[in-house]
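Working through the structure, step by step
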Amino acid sequence: MCMRLIQASLPCIAALAMLASLKTGYAQSPYAVAGITDVRQVEAFLSELQRASRDDDRKALAALFHYPTMVTISGLRIPFADASALLERADAIFTPALRSMIARAAAASGSPQPGRAPILVTENGLVVGANAVAITLVDGRLRIMAIVVPPPDPSDVPPVSRSESPARRQEPRRITIRVGPRPTQVSGSLIPGVPDAFIVWVNKGQRLEVRVERAPMGAAAVRVVHAGKGTPLNPAASDTARVVSGRVLDGADYRIEVRRLDASEAAPLPYFLSVSLR
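Let me sum up the structure you'll find in this document. Here, residues in each chain are numbered from 1, in the same order as that chain's written sequence. With the structure being a predicted model, the display of local features is reserved for residues of pLDDT at least 70 and the display and counting of side-chain atom pairs for 80 or more, all residues being used for whole-chain, interface and lining totals. Note: side-chain values were computed over all heavy atoms of the structure, leaving out hydrogens and water.

**A word on the environment of Val 33**
Going by this rule: The secondary structure listing takes helices from DSSP runs of H or I that are at least 4 residues long and strands from runs of E that are at least 2 residues long, numbered from the N terminus. The buried label goes to any residue with under 20% of its type's maximum accessible area, the exposed label to any with over 50%, and the partly exposed label to all in between, with areas taken from a 1.4 Å probe on protein chains only. The criterion used for residue contact is that any of the two residues' heavy atoms lie within 4.5 Å.
Locating Val 33 in the fold gives a position in the loop between helix H1 (2-28) and helix H2 (39-54). A relative accessible area of 55% means that Val 33 is categorised as exposed. Each C-alpha atom of the pair Val 33 and Gly 125 lies 8.0 Å from the other, and the pair is 92 residues apart in sequence. Residue contacts for Val 33: discarding those within four places in its chain leaves Val 121, Thr 122 and Glu 123.

**Considerations on the pattern of salt bridges**
Note the following rule: Salt bridges are identified by distance alone: a Lys or Arg side-chain nitrogen within 4 Å of an Asp or Glu carboxyl oxygen.
Throughout the structure, instances matching the rule amount to 14 salt bridges. Between Asp 57 and Arg 51 there is a salt bridge whose closest N-O contact spans 3.4 Å. Here Asp 57 falls in the partly exposed class, since its relative accessible area comes to 29%. Its relative accessible area of 26% is what places Arg 51 among the partly exposed residues. Two residues, Arg 58 and Asp 56, come together in a salt bridge whose shortest N-O distance is 3.2 Å. By relative accessible area, which is 31% here, Asp 56 ends up partly exposed.

**A word on H2**
What counts, and what does not: By definition here, a helix of n residues has an expected span of 1.5 Å times n minus one. Taken from the helix axis, the directions to the C-beta atoms give the arc we talk about. Counting of polar contacts relies on pairs of N or O atoms within 3.5 Å, with two restrictions inside protein: one atom must be capable of donating a hydrogen and the other of accepting it, and residues adjacent in sequence are counted only when both atoms are side-chain atoms.
Helix length check: H2 (16 residues) gives 22 Å between terminal C-alpha atoms against 22 Å at 1.5 Å per residue, within 8%. For H2, the set of buried residues is Val 42, Phe 45, Leu 46, Leu 49, Gln 50, Ala 52 and Ser 53. The buried residues of H2 occupy an angular sector of 165° when the element is viewed end-on, so they sit on one face. Residues Arg 40 and Arg 54 are exposed on H2 and point more than 90 degrees away from its buried face. Looking at the buried side of H2, the elements it contacts are helix H3 (58-62), helix H6 (96-104), strand E3 (119-122), strand E4 (125-128), strand E5 (133-138) and strand E6 (141-148). For H2, the N-terminal cap is Asp 38; the gap from its side-chain oxygen to the backbone nitrogen of Arg 40 is 2.9 Å.

**Describing the pairing of E3**
Stated formally: At least two DSSP bridges between two strands are required for those strands to pair.
The pairing of E3 with E4 spans 4 bridges and is classified as antiparallel. Within E4, the position partnered with Val 121 by the bridge is Leu 126. Joining the antiparallel neighbours E3 and E4 is a turn of 2 residues.

**A closer look at the pairing of strand E13 (residues 252-260)**
As defined by bridge partners, strand E9 (residues 196-202) adjoins E13 across 7 bridges and the pair is classed as antiparallel. When the bridges of E13 are listed, Phe 198 appears paired with Ile 256. For strand E11 (residues 220-226) and E13, the ladder comprises 7 bridges, and the chain directions are antiparallel. Across the sheet, His 226 pairs through a bridge with Tyr 254, a residue of E13.

As structure tokens, this is what we get:
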């Protein structure tokens, strides 16, 4: 009789044990406040985010967002309707400072990890770093809802090795500029005697404006010339100009050079380059 009672109660006991296990697992999850009960879901998302950032796989990064999304660049909140719009401003969004923060992000653990970017857990989701990347659950999947692009961090700039020649550092990087009132921004860092160089295509009749920002006054200057002919975009611009603008007479590549004016400082000088086409 007793044996039959025990056997009859076994399914109930098993069900109660499973329910208790689920409740315990929820309570033990460091992300339970955000409604995330499976720690592995956060670890998998963070791993994919870090891989895409490390490999500069921008399409994979854009696929991790929920649209429409909001990105704050230099204090300006910019909405993006879809991945295509986001990728047009990828240079200004996935900066070395942001990618460094993503690389240092660490899943929650029992003790703080020096040098790692913290993850704040809120009722709305997860926040990585100093309010840099906001992540939340959307239809059961973790997605990036918003980003605040952090300012350049000199400590994130890799030192120039003795074997790296200035000529190699001067190889220009081609950038794509969106036409309109909002500038495209590119982050960089200057070392004495070695300018940063960029190439941008400008159509005939367009007005190009290039501006150096986030660098102290008198610390950096910009020069814009026709890539083929070497003629300046604005002959009246001085050698120490922080802003150069002018209307292009023929469609061509233009070379933008950002150089450091004070050669006495050895530490890297971070800056933002804002480029507009109208």
